[in-house]
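The lines below spell out each chain.
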Amino acid sequence: MMVGVLAGAVLTVGGIGLLSTQVNTTATAAAAESRGPRGVQPPQMNAKDLAKHIAEQFGVDETQVQSALEEQKDFRDIGQAAMLAKLSGKSFDDVLSMKTDSNTWRAVGNQLGISREQVREARDDMMAQHLCQRGDIDKDTVLSLLKDGYQPQDIEMAARLAKAADKDIKDVLSYKKINNRWEDVAQQLGIEKTALRPHRRDRGMHPMNGNEQFMGPMSDDTGYFCE
């Protein structure tokens with residue numbers, strides 16, 4: 001079950017950020033109390049399940065990730081290392097060891113030769129995969145809309161309304177203006193605003209719930225950059 005989550009971390013390479021979402025699940029006592037050296041609390045999952053989830057998402061070694069979690073490594077660093085390992089083809093441990101007090105993640109990314117375009121493509125691919133799993137839209141359409149500059153949350157809302165109204169998603173997106181809400185768009189289309197809610201099976205793991213956030217390009221005022 002992929003939730004499109006994983007790091008609560010931001011990958012910064014050449015000014016591009018990747019903010020992974022956090023899992024909103026029932027906490028185990030150990031996970032609830034586990035904090036990294038900089039006070040970053042990981043998603044509320046036990047280390048074994050979370051390591052498996054990260055390994056599947058980023059194609060890294062599950063045992064290495066679990067060891068880092070059990071050693072209470074900073075969760076942002078774990079997320080950064082997983083993504084950079086995915087993009088560089090290096091092992092999770094090798095990448096994690098490159099991060100030191102004097103070596104920022106941006107510097108690590110540069111040392112690994114990872115470009116802005118690689119980060120952007122990885123971000124978009126992960127978000128597209130996440131959104132298409134809900135069944136309201138296909139991955140190619142998400143990627144195309146992201147490339148056109150649409151925000152993930154707008155794509156998701158438009159996809160739900162497009163499905164409910166049997167309309168093309170771009171037609172639905174054209175209804176959204178700077179001075180209206182998606183609830184207003186639903187009303188214009190004659191659709192109950194309940195159509196905007198997550199499907200019952202998605203509740204509790206939806207990227208707009210609670211403290212979770214969408215992945216996307218972030219500015220320096222987010223406070224999530226690991227420098």
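Residues numbered from 1 in each chain as written. Predicted model: local features only at pLDDT ≥ 70, side-chain atom pairs only at ≥ 80, totals over all residues. Heavy atoms only, no water.

## With respect to the environment of Ala162
When you line up the elements, Ala162 lands in helix H9 (residues 152-165). Not counting chain neighbours up to four residues away, the residues in contact with Ala162 comprise Lys167, Asp168, Ile169 and Val172. (Helix = DSSP H or I, 4+ residues; strand = E, 2+ residues; numbered from the N terminus. Contact = heavy atoms within 4.5 Å.)

## Here we look at unusual backbone geometry
One non-glycine residue, Gln72, lies in the positive phi region at around 60 degrees. Within the secondary structure layout, Gln72 lies in the loop between helix H3 (62-70) and helix H4 (75-88). Judged by its relative accessible area of 41%, Gln72 is partly exposed. At Asp166, a position not held by glycine, the phi torsion is positive, near 55 degrees. Position of Asp166 among the secondary structure elements: in the loop between H9 and helix H10 (169-173). (Buried < 20%, exposed > 50% of the residue type's maximum accessible area, 1.4 Å probe, protein only.)

## A closer look at the environment of Trp105
Looking at the secondary structure, you find Trp105 in helix H6 (residues 105-111). What makes Trp105 buried here is its relative accessible area of 0%. Each C-alpha atom of the pair Trp105 and Ala81 lies 8.5 Å from the other, and the pair is 24 residues apart in sequence. Polar side-chain contacts of Trp105 include one of 2.7 Å to the side chain of Asp77. (Polar contact = N/O pair within 3.5 Å; in protein donor to acceptor, adjacent residues only side chain to side chain.)

## Some details on the side chain of Arg160
Assignment of secondary structure puts Arg160 in helix H9. On the basis of relative accessible area, Arg160 is assigned to the buried category, the value being 4%. A polar contact is formed between the side chain of Arg160 and the side chain of Glu156, at a distance of 2.9 Å. Engagement of the side chain of Arg160 in a polar contact is seen with the backbone oxygen of Arg197, the distance being 3.5 Å.

## Comments concerning a negative patch on the surface
Taken together, Glu56, Asp61, Glu62, Asp93 and Asp94 make up a surface patch of like negative charges. For Asp61, the location among the structural elements is in the loop between helix H2 (47-58) and H3. (Patch = residues over 30% accessible without salt bridge, like charges linked within 9 Å, V, L, I, M, F, W, Y side chains within 5 Å. Areas by Shrake-Rupley, 256 points an atom, 1.4 Å probe, with all protein chains shown as cover. Salt bridge = Lys/Arg side-chain N within 4 Å of Asp/Glu carboxyl O. Lys, Arg positive; Asp, Glu negative; His and termini not counted. Charge placed at Lys NZ, Arg CZ, Asp CG, Glu CD.)

## Thoughts on the nonpolar core
The biggest cluster of nonpolar side chains holds 25 residues, and the ones touching the most others in it are Ile54, Val65, Ile78, Phe92 and Val95. Of all the secondary-structure elements, those providing two or more residues to this core are H2, H3, H4, helix H5 (92-98), H6 and helix H7 (116-132). Element by element, the count of residues in this core is highest for H4, at seven residues. Other than its neighbours up to four places away in sequence, Ile78 contacts Ile54, Val65, Ala68, Leu69, Lys73 and Phe92. One finds Leu145, Leu161, Val172 and Leu189 within the second-largest nonpolar core, a separate group that totals 22 residues. (Core = buried A, V, L, I, M, F, W, Y, C linked by side-chain atoms within 4.5 Å.)

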